[in-house]
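A look at the structure
As a plain string of letters, each chain reads:
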Amino acid sequence: MSKISVSIAGGSGYTGGELLRLLLFHPHVKIKQVTSEKYAGKPVFKIHPNLRTITSLRFSTIEELKDCDCLFLALSHGRSLHKIDFFCGLAPKLIDLSSDFRLLTTEQYRRWYGINHPRPELLTQFVYGIPEIHRQEIKSATRVACAGCNATAALLGLYPLYQTPLCHPAKTIVEVKAGSSQSGRSPSPGSHHPERNGCYRVYQPTGHRHIGEILQELSLLWDSSFHFTATSVEMVRGIQAVSHVFLSEPATEKDIWKTYRQFYGSEPFIRIVKDNSGLYRLPEPKILSGTNFCDIGFSKDPLSDHLVVVSALDNLMKGAAGQAVQNFNIMNGLPEKTALNFPGLHPI
Amino acid sequence: MNQKNAGCPVCGADVIFDEDIVNGELVVCSECGLELEVTSTSPLILKEAPQEAEDWGE
């Protein structure tokens, strides 16, 4: 099988580095170019030190990009959409990791991003990139918009419950704890070590932008009983979403098991983690670092309608680059786990 | 060797056994990780095995 040529626009950020790490060991991929305006001409290992001796690639500029079979866009939010025609002309398949094409309507972009989307006619051409929800569409898609990391964690935990009448939530409150790599490579006063170290910073108590895509995928209206809060915590990689779900009908834990098994029984990257003994009884992001797994667990209060769902993942992997490579594999008819087999480290 | 199966009493997953399973045998459910005890082989009945209490920081 001849190799698929890919390029990465925006390769100096953390998700770009993670894409490189995965694609350099993908047996069916040849990386043609990787871009960085700031570091053009420099070897990629100068920015991603884990890739020293692994590749001799150097950064190019976006203007230097040549045709390829699949182009990954790992640019910061808002930068893909202004060059989208140029990018579409370079490759028949496009995988965007930014938020620029995740929402389906201009109204949603105005509501959650405060912008009038300049290319609304393209929004429905992108498939929302969570394979567990949209695998069939992704198989034939030429353009995929990968989901936000917080949204991925919350959605994978909640989606099965919202599809079944027995466990359909009447109200949901999601509390996300996120690692510092989520805020990207560029430093800010808030990421300065003396300020950031040891913080439990509730950075988005309400109104988080990822709510838009969560509501979209759960088919909920803006005024639904769905609430979401995000907090930065003391870790580099990882997200843990704790969702407090208030069920609309009585259900047992066995019913919840059945619901998750029905949806995720054959999913390669979803694991149900609900153990009654040991140290890892519910999903823990620490042991997922570098993996493409999303672990999901739950606990039902036997005395009430309260169900706690815990979902965890690595924000740079299943929440970004790993998800993108999984989508790439699906779009190209390759085994879905190709280049994504790393099981994680323990202890770490 | 032929195999038998029974439902996990907690999560409902199918638990598979060799045919020569005996009363009192302990198995672990591969889905929820619960330790189960065979209390009858015909019909095959499982119950949650007694757990040693753990200090979970409480």
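Quick caveat, the model's predicted, so the values are computed rather than measured.

A word on the nonpolar core. One recurring pattern in soluble globular proteins: nonpolar side chains tend to sit buried together. Of all hydrophobic cores here, the largest spans 104 residues; its most connected members are Phe72, Leu73, Ala153, Ala154 and Ala324 of chain A together with Cys8 of chain B. Looking at this core, you find at least three residues from each of domain 1 (4–146 + 318–331) and domain 2 (150–315) of chain A. With near-sequence residues (within four places) excluded, Phe72 of chain A lies in contact with Val6, Ile8, Leu19, Ile95, Leu97 and Ala324 of chain A.

With omega at 0 degrees, the peptide bond leading from His346 of chain A into Pro347 of chain A counts as cis. Look at the link from Ser42 of chain B to Pro43 of chain B: it is a cis peptide, with omega at 0 degrees. As for its position among the elements, Pro43 of chain B is in the loop between β4 (35–41) and β5 (44–48). If you check the backbone angles, Ala339 of chain A has positive phi at about 70 degrees while not being a glycine. You can see Ala339 of chain A is positioned in the segment after α9 (317–331).

Now for helix α1 (residues 14–23) of chain A. Residue and element names in this part refer to chain A. Across the 10 residues of α1, 10 count as buried, placing the element largely inside the fold. All of the buried residues in α1 are Tyr14, Thr15, Gly16, Gly17, Glu18, Leu19, Leu20, Arg21, Leu22 and Leu23. Taken together, the buried residues of α1 touch β1 (4–9), β2 (29–35), β4 (70–73) and α9.

So, about the pairing of strand β8 (residues 169–178) of chain A. Residues and elements named next belong to chain A. Judged from the 9 bridges that link them, β8 and strand β11 (residues 239–247) form a sheet pairing that is antiparallel. Paired with Ala178 across the two strands is Ile239, which belongs to β11. Here β8 runs beside strand β10 (residues 226–232); their pairing, made up of 7 bridges, is parallel. When the sheet's bridge partners are listed, Ala178 is paired in β10 with Ser232.

Attention shifts here to the domain arrangement of chain A. Residue and element names in this part refer to chain A. Parsing chain A into structural domains produces domain 1 (4–146 + 318–331) and domain 2 (150–315). Taken together, the contacts link 21 residues of domain 1 with 26 residues of domain 2. At the level of secondary structure, the elements contributing two or more residues to the side of domain 1 that touches domain 2 comprise α3 (106–113), α4 (131–139) and α9. Among the elements that line the side of domain 1 that touches domain 2, the one with the most residues is α9, at 6 residues. A per-class count over the side of domain 1 that touches domain 2 returns 9 nonpolar, 8 polar and 4 charged.

Cut-offs applied
Residues numbered from 1 in each chain as written. Chains lettered and ligands numbered in written order. Predicted model: local features only at pLDDT ≥ 70, side-chain atom pairs only at ≥ 80, totals over all residues. Core = buried A, V, L, I, M, F, W, Y, C linked by C-beta atoms within 7 Å. Buried ≥ 20, exposed ≤ 12 C-beta atoms within 10 Å, placed from the backbone. Domains from an automatic or database assignment. Contact = placed C-beta atoms within 7 Å. Helix = DSSP H or I, 4+ residues; strand = E, 2+ residues; numbered from the N terminus. Pairing = 2+ DSSP bridges. Nonpolar A, V, L, I, M, F, W, Y, C, P; charged D, E, K, R; others polar.

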